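The chain contents come next:
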Amino acid sequence: MQRSNVAELSAVPPGRVPPLPPRPMTARVAGSRAWASGRRLAMRVALAAAVVLLAVAGALGVMRSVYADRVYPGVYVENVNIGGKDRAAAKALLQQRADSLERGTLAFSYGGKTWTPALSEVGVTIDLDQSLDHAYDVGREQDARDRLLAMGGLLRHDRRFPLVVRFDQKVLNGWLDGVDRELGLPPHDALLTIDGTKVTVVPEVDGTITDRAQIQQVVYGAALSLRPAGGPLPVIAKVAQVRAADLAPAKAQIEQMVAKPVHLTFQKKSWDLDPAALSTFVTQTTDPTKQGAAALTIGVDEAALSKWLSEQIANDVNRDPVDAEVAWSDDANGLIATAASKDGYKLKPMSLARSVATSLMGDHAPVEVPVTVIKPDVDSNNLGALGITTKIAVGDSDYEGSDEGRATNIEVGSGLLNGTLIRPHGEFSFNHAIGVIDKEKGFVTAQIIDGTKIGHDDGGGICQVSTTVFRAAMKAGVPITEWWPHTFRLAFYEQDGWPPGFDASILQPEGDPFSGGDFKFQNPSDSWMLVESYTENDRVYVIIYGPDLGYTVTFTDPVLSDPTPALPDEEDVDKTLPAGTVQQTGFAQQGISVDYQRIVTDKDGNVVSQDDWPTTFEPRPNIWKVSPDMKGESPAGQEGNSTDGDSE
């Protein structure tokens, strides 16, 4: 019995395909020859194609090199052949075409009058740069295949691009506004005019205006086709939305608004806002989607009103906060306020305008002026917030022997310094603490050091106070940020056993008093510090209060150098002195250098700072002042050291 194919295939092991029966040898030889022949033909075709591609690629490479910065041949913009042109030349050609098109006119007629605006007058312009971009990009595509296709396309046919046209609606509207005026039939709704407190109804006018939607379509068509267009001027009859009879309620509302003033109050101050002035901020808004009385809304221009209100009352309302003046009281074991603080206020003009508008449009209820309250930094009701809890250090100095003027300046400066507060991590400045040294504050003329000579100026002796502050700050262990020792040793600063080098000079140049030498120190804590100062029995005291810093401060013994000789005596001829005067105003002194260290440690014994404090005191001569007739008669003059002074 014959077996089926199914049975035959099923006998093949799973996963294997039965082999084909072997072909005869002659068939295999013929097939091999045909395959070899086909392979040689394919190779020849491929070689020919490669040669063609190489030729094309070479040609394209040559073209890209030749037209590296020019438009490829066969490219047109608005029928202008710009092929082979660089960008500047192409733009020049297109500019002529664009100018001609933009000068093309439209023609509209109405009532025997004709308007012929150029396309540019109704907002149509040509964008040459973008027009050129499209043309210039041909053959410069990002993808190599796209470049090849583009270049192949140019071999078959030209590429043409339209001019890119722009349209400006605002320019068209401006031109149509002028046409509406020329028509002489401007319609308007009935409206209210307000003159002070007088309200008048201006009747409506029905009229004719241009149909802007239709005209816009005509302009669009001309812009897209770049061809002139025209015809009858499209117009529409404009009927007023709001008529005189509709305004009776609004007129009554405004009259009620300006019938009486709006009353403002702030603390003990008050103002009555003039109704005539308020009427200038009344607004009338027409809703184009509504008709009759419902179309008109009466309101208040709150932005303009807020500006006007600020101009009227801000100077009377705004006030900077005033810090409390404080002092340390041993009886109270802490700070007390010697002068109360004051809150500051800042007008809130927009909030005020809203409240005034509400009152104006309502029952004219009084308005309390809204303000932002600004609390002072030093609040007499919360002195504990300053964190001043202890006496940190005391500095002192002795000014016994000072003349009356010097003693006066020391007392004035000490009084000005007293009560100075230093912010957390803030910097104390002596010059800023006492202010400008002048007669208005009580300073008088006294001796000062002027170079190597003794001069006179307002505030002479004030360095006695800065020296005392320096000593207190040094003993407190706080960082010293600016310090200037004196040029010469002065006996006042070494009284009561103080060694040389524990003094601090200050300088206030005329015209810019805070640009000279100053004494400054830093508050290193998160709390405030207080500097108190007073004089008693020819002594100055400066006390620094603040938080407990936990510092221990020690000083090394001063190291003094060998002295340098005093300078030769000097004679100074002073034209202001009376005849026969010979007086010694300066005394010879040797020069010397001194140095010591300050070591500051914290409560755990760790060194916070260790600094050197060197001073070099210059030598000084004996100085004699003489009247002109006594020139050469002083000891210095007899030695030939006489000079004419500048004094008048």
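Relevant structure appears above.
Residues numbered from 1 in each chain as written. Predicted model: local features only at pLDDT ≥ 70, side-chain atom pairs only at ≥ 80, totals over all residues. Heavy atoms only, no water.

1. Considering the overall build of the protein
Note the cut-off: Secondary structure elements are defined from DSSP: runs of H or I of at least 4 residues count as helices, runs of E of at least 2 residues count as strands, and each element is numbered from the N terminus. Any two residues whose heavy atoms approach within 4.5 Å at even a single point are treated as in contact. Residue exposure ignores everything except the shown protein chains as possible cover, and the areas themselves are Shrake-Rupley values with a 1.4 Å probe.
Helix and strand counts for the protein stand at 15 helices and 40 strands. The contacts in the protein between residues at least 6 apart in sequence include a share of 72% that link residues at least 24 apart. About 35500 Å² of surface is accessible on the protein, with carbon and sulfur atoms providing 52% of the total.

2. Digging into the pattern of salt bridges
Rule in force here: Salt bridge criterion: a side-chain nitrogen from Lys or Arg within 4 Å of a carboxyl oxygen from Asp or Glu. To sort residues, take the accessible area from a 1.4 Å probe on protein chains only and compare it with the maximum for the residue type: under 20% means buried, over 50% means exposed, and anything in between is partly exposed.
Under the definition given, this model contains 17 salt bridges. One salt bridge in this structure joins Lys-251 and Glu-255, with 2.6 Å as the shortest N-O distance. With Lys-251 and Glu-255 both in helix H8 (residues 248–257) and 4 residues apart, this pair spans about one turn of that helix. Of the residues examined, Lys-251 reaches a relative accessible area of 23% and is grouped as partly exposed. Here Asp-396 ties to Arg-539 by a salt bridge, and the two come within 2.6 Å at their closest N and O atoms. Of this pair, Asp-396 sits in strand S22 (residues 390–398) while Arg-539 sits in strand S30 (residues 539–546), and the two are 143 residues apart along the sequence.

3. Quick notes on the sheet that holds strand S13 (residues 262–266)
Quick note on the threshold: Being paired, for any two strands, means DSSP has found at least two bridges between them. Every axis in this analysis is a line fitted to C-alpha atoms, fitted for helices over the stretch in contact. Angles between the N-to-C directions lie between 0 and 180 degrees.
The 3 strands are arranged S14-S13-S20 in an open sheet whose pairing can be described as mixed. Each edge of the open sheet carries a strand with a single partner, namely strand S14 (269–273) and strand S20 (367–368). In terms of strand pairing, S13 meets S14 through 5 bridges, oriented antiparallel. Paired with Val-262 across the two strands is Leu-273, which belongs to S14. Contacting S13 and S14, helix H10 (residues 302–317) crosses the sheet at an angle of about 165° to S14. Contacts between helix H11 (residues 349–361) and the sheet are confined to S13, S14 and S20, with S13 contributing the most and set at about 145° to the helix.

4. Quick look at the sheet that holds strand S28 (residues 520–522)
Each strand in a sheet pairs with another by means of backbone hydrogen bonds, the pair being arranged parallel or else antiparallel. With antiparallel pairing, the 3 strands of this open sheet are ordered in space as S24-S28-S27. Since the sheet does not close on itself, it has two edges, and those belong to strand S24 (427–429) and strand S27 (480–482), each with one partner. On average, adjacent strands in this sheet sit at an angle of 25° to one another, irrespective of strand direction. As judged from the 3 bridges shared by S24 and S28, these two strands associate in the antiparallel manner. Within the sheet, the bridge partner assigned to Phe-428 lies in S28 and is Phe-521.

5. Concerning the side chain of Ser-402
In plain terms, the rule: In protein, a polar contact requires one atom able to donate a hydrogen and another able to accept it; more generally it is a pair of N or O atoms within 3.5 Å, and residues adjacent in sequence count only if both atoms are side-chain atoms.
The topology assignment puts Ser-402 in the loop between S22 and helix H12 (404–417). Of note is the side chain of Ser-402, whose polar atom sits 2.8 Å from the backbone oxygen of Tyr-399. One polar contact links Ser-402 to Arg-406, side chain to side chain, over a distance of 2.8 Å. Beyond its immediate chain neighbours, meaning those up to four positions away, Ser-402 contacts Ala-407, Ile-410 and Phe-492.

6. Concerning the nonpolar core
Which entries qualify depends on this criterion: We call a set of buried Ala, Val, Leu, Ile, Met, Phe, Trp, Tyr and Cys residues a nonpolar core when their side-chain atoms join them within 4.5 Å.
Core analysis: the largest hydrophobic core is formed by 38 residues, its most contacted members being Leu-417, Phe-428, Phe-430, Phe-519 and Phe-521. Taken together, the elements giving at least two residues each to this core come down to H12, helix H13 (430–434), helix H14 (463–476), strand S29 (529–535) and S30. Residue contributions to this core peak at 8 residues, all from H14. Ignoring anything within four residues of it in the chain, the contact list for Phe-521 reads Ile-422, Gly-426, Glu-427, Phe-428, Val-469, Ala-473, Val-478, Pro-479, Ile-480, Thr-481, Val-531 and Ile-544. Listed in part, the 35 residues of the second largest apolar core include Val-242, Leu-296, Ala-357 and Val-369.

7. Some words on H14
Residue pairs spaced three or four apart in an α-helix point in one direction, given the helix's 3.6 residues per turn. Under the convention used in this document: Here the expected span of a helix is defined as 1.5 Å times the quantity of residues minus one.
The terminal C-alpha atoms of H14 lie 20 Å apart, and with 14 residues this matches the ideal 20 Å at 1.5 Å per residue to within 8%. Among the 14 residues in H14, 13 count as buried, and that is most of the element. After H14 finishes, the residue Gly-477 shows a positive phi value of roughly 80°.

8. A word on the packing of helix H6 (residues 169–183) against helix H7 (residues 212–225)
The condition that has to hold: Each angle is binned into one of four classes, with values under 35 degrees roughly parallel, values over 145 roughly antiparallel, values of 65 to 115 roughly perpendicular, and all other values oblique. Less than a right angle of anticlockwise turn of the near helix away from the far helix marks a crossing as left-handed, whereas a clockwise turn marks it as right-handed. Gly is placed with the polar residues, together with every amino acid not listed as nonpolar (Ala, Val, Leu, Ile, Met, Phe, Trp, Tyr, Cys and Pro) or charged (Asp, Glu, Lys and Arg).
Between H6 and H7, whose axes approach to 11 Å, the crossing angle comes to 125°. One element, H6, and the other, H7, form an angle in the oblique class. The handedness of the crossing between H6 and H7 is right-handed. In this structure, H6 contributes Gln-169, Leu-172, Asn-173, Leu-176, Asp-177 and Asp-180 to the contact, and H7 contributes Arg-212, Ile-215, Gln-216, Val-219 and Tyr-220. Among the residues forming the contact of H6 with H7, the class breakdown is 5 nonpolar, 3 polar and 3 charged.

9. Regarding the packing of aromatic side chains
We count it as follows: For Phe, Tyr and Trp, where Trp contributes only its six-membered ring, two rings pair if their centres lie within 6.5 Å, and the inter-plane angle classes them as stacked under 30 degrees, edge-to-face over 60, or tilted in between.
Summed over the entire model, instances satisfying the criterion amount to 16 aromatic pairs. With centroids separated by 4.2 Å and ring planes inclined at 5°, the aromatic side chains of Phe-502 and Tyr-596 adopt a geometry described as stacked. A residue pair is termed long-range when its members are at least 10 positions apart, and Phe-502 in the loop between S27 and S28 and Tyr-596 in the loop between strand S35 (592–595) and strand S36 (597–601) qualify at 94 residues. By relative accessible area, Phe-502 is classed as buried at 8%. Residue class for Tyr-596 comes out buried when judged on its relative accessible area of 1%. Pairing Tyr-534 with Tyr-541 gives two aromatic rings, centres 5.2 Å apart and planes at 20°, and the pair type is stacked. Among the residues examined, Tyr-534 registers a relative accessible area of 37% and is labelled partly exposed. Among the aromatic residues, ring-to-ring pairing joins Phe-428, Phe-470, Trp-483, Phe-519, Phe-521 and Trp-613 into one connected group.

10. A look at unusual backbone geometry
In this structure, His-364 is a non-glycine residue whose phi angle is positive, near 60°. Phi is positive for His-425, close to 60°, though the residue is something other than glycine. Within the secondary structure, His-425 is located in the loop between strand S23 (420–422) and S24. For His-425, a relative accessible area of 44% puts it in the partly exposed group.

11. Here we look at H12
With 14 residues, H12 ought to run about 20 Å at 1.5 Å a step, and its terminal C-alpha atoms sit 20 Å apart, in line with that. Taken together, the buried positions of H12 are Gly-405, Arg-406, Ala-407, Asn-409, Ile-410, Val-412, Gly-413, Ser-414 and Leu-417. Capping the start of H12, Asp-403 holds a side-chain oxygen 3.3 Å from the backbone nitrogen of Gly-405, two or three residues further along. Looking one or two residues past H12, Gly-419 carries a phi angle of roughly 90°, positive in sign.

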